[in-house]
Amino acid sequence: MFDDVPVFSALTGGVLIGLSATLLLVACGRIAGISGILNGVLDRRSDSAWRWLFLIGLVAGGTFHHLFLGGESAGESTLVLPMIVGGFLVGFGTRMGGGCTSGHGVCGLGRLSLRSLVATLVFVAAGMAIVYVLRCWAGGAG
């Protein structure tokens, strides 16, 4: 049906993320930053029901994609230790940056937040720099 499923999948995913973030903001007055949502669940806040539903939806969406659209899951990787270390580093960066990339990039930019613009630019620049360094280190084209 779709000649280029990865492009369709990315486009559909981006649209759904944007719609979900907008719906959560309009309907509940909440920001769809994953780190804030997870933090609210871990802190056992009284308004945690919607947070649990949001997190369950994230897992269900990934599972649906993997089962029905053939997406690769993180569990198929043999690089477990680097994934764990990476997860801790992301968590540390999330605390330092006052939010995660989804919160700043999707929700903050949508609200025209200057703080989120700066954070998103730093995230993108750091990612580009790391990819460049790793490609040079691995002997690939930089």
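Model, not experiment: these values are computed from the prediction.

Engineer: Please clarify how the overall build of the protein chain should be interpreted in this entry.
Structural biologist: Within the protein chain, the secondary structure is distributed over 6 helices and 0 strands. Start at the N end of the protein chain and walk to the C end: the helices and strands fall as α-α-α-α-α-α. The long-range fraction of contacts in the protein chain, counting pairs at least 24 apart against all pairs at least 6 apart in sequence, stands at 31%. By element, 73% of the accessible surface of the protein chain is carried by carbon and sulfur atoms, the whole surface being about 10500 Å².

Engineer: So what exactly am I meant to see when it comes to the nonpolar core here?
Structural biologist: One broad rule of soluble globular proteins: the nonpolar side chains tend to lie buried together. Counting 9 residues, the largest nonpolar core is built from Ala21, Leu24, Ala32, Ile37, Val41, Trp50, Phe54, Leu55 and Cys107. Contributions of two or more residues to this core are made by α1 (5-28), α2 (34-42) and α3 (48-69). Ranked by residues supplied to this core, first place goes to α3 with 3 residues.

Engineer: Can you walk me through helix α6 (residues 114-137) in this structure?
Structural biologist: The α-helix winds at 3.6 residues per turn, so residues separated by three or four positions along the chain end up facing the same way. An ideal rise of 1.5 Å per residue puts 34 Å on 24 residues; α6 measures up with 34 Å between its terminal C-alpha atoms. The set of residues buried in α6 consists of Ser116, Ala119 and Thr120. Along its buried surface, α6 packs onto α5 (101-110). Phi turns positive one or two residues past the end of α6, at Gly139, with a value near 90 degrees.

Engineer: Even after reading the chapter, I still don't get the packing of α2 against α3, so can you show me in this structure?
Structural biologist: Relative placement of two packed helices is described by the angle separating their axes and the distance separating the axes. At a closest axis distance of 9 Å, the pairing of α2 and α3 adopts a crossing angle of 125 degrees. In terms of orientation, α2 and α3 fall into the oblique class. α2 and α3 meet at a crossing whose hand is left-handed. Contact residues: Ile34, Gly36, Ile37, Leu38, Gly40 and Val41 in α2; Ser48, Trp50, Arg51, Trp52, Phe54, Leu55 and Leu58 in α3. Of the residues in the contact of α2 with α3, the class split is 9 nonpolar, 3 polar and 1 charged.

Engineer: It is not clear to me how a nonpolar patch on the surface should be interpreted in this structure. Could you clarify?
Structural biologist: Taken together, the side chains of Leu109, Leu114, Leu117, Val118, Leu121 and Val122 make up a nonpolar region of the molecular surface, amounting to roughly 540 Å² of accessible area. Considering every element that reaches the nonpolar patch, the biggest residue donor is α6, with 5 residues. Examined against the element boundaries, Val118 turns out to sit in helix α6.

Engineer: How do you make sense of the environment of Gly40 when you look at a structure like this?
Structural biologist: Mapped onto the fold, Gly40 is located in helix α2. Sequence spacing of Gly40 and Arg51 is 11 residues, and the spatial spacing of their C-alpha atoms is 7.2 Å. For Gly40, the contacting residues outside a window of four places in its chain are Arg45, Ser48 and Arg51.

Engineer: What is the right way to look at the packing of α5 against α6 in this model?
Structural biologist: As a packed pair, α5 and α6 sit with axes 9 Å apart at the nearest point and diverge in direction by 135 degrees. Looking at the two axes, α5 sits oblique to α6. Between α5 and α6 lies a crossing whose hand is left-handed. Along the contact surface, α5 presents Thr101, His104, Gly105, Gly108 and Leu109, while α6 presents Arg115, Ser116, Leu117, Ala119, Thr120 and Phe123. Classifying every residue of the contact of α5 with α6 gives 4 nonpolar, 6 polar and 1 charged.

The rules behind the values
Residue positions are counted from 1 within each chain, in the order its sequence is given. It should be noted that, the model being predicted, local features are given only for residues of pLDDT at least 70 and side-chain atom pairs only at 80 or more, the latter also being counted only at that level, while totals for whole chains, interfaces and linings use all residues. The side-chain figures draw on all heavy atoms in the structure; neither hydrogens nor water molecules are used. Only DSSP runs of H or I with at least four residues qualify as helices, and only runs of E with at least two residues qualify as strands; both kinds are numbered from the N terminus onward. Any two residues whose heavy atoms approach within 4.5 Å are treated as being in contact. Accessible areas in this description were obtained via Shrake-Rupley with a 1.4 Å probe; residue shielding takes into account the shown protein chains only. By nonpolar core is meant a set of buried Ala, Val, Leu, Ile, Met, Phe, Trp, Tyr and Cys residues that side-chain atoms within 4.5 Å join together. When a residue's accessible area, from a 1.4 Å probe over protein chains only, is under 20% of the maximum for its type it is buried; when over 50% it is exposed; and in between it is partly exposed. An expected span of 1.5 Å times one less than the residue number is assigned to each helix. Note on geometry: axes are lines fitted to C-alpha atoms, helical ones only across the stretch in contact, with angles between N-to-C directions running from 0 to 180 degrees. Oblique is the label for any angle not under 35 degrees, not over 145, and not in the 65 to 115 range, which are roughly parallel, roughly antiparallel and roughly perpendicular in turn. By definition, turning the near helix anticlockwise from the far helix through less than a right angle yields a left-handed crossing, and turning it clockwise yields a right-handed one. Any residue outside Ala, Val, Leu, Ile, Met, Phe, Trp, Tyr, Cys, Pro, Asp, Glu, Lys and Arg is labelled polar, Gly included; the first ten of those are nonpolar and the last four are charged. Patches draw on residues past 30% relative accessible area with no salt bridge. Two like charges within 9 Å are joined, as are two nonpolar side chains (Val, Leu, Ile, Met, Phe, Trp, Tyr) within 5 Å. Only one rule defines a salt bridge in this text: a Lys or Arg side-chain nitrogen within 4 Å of an Asp or Glu carboxyl oxygen.

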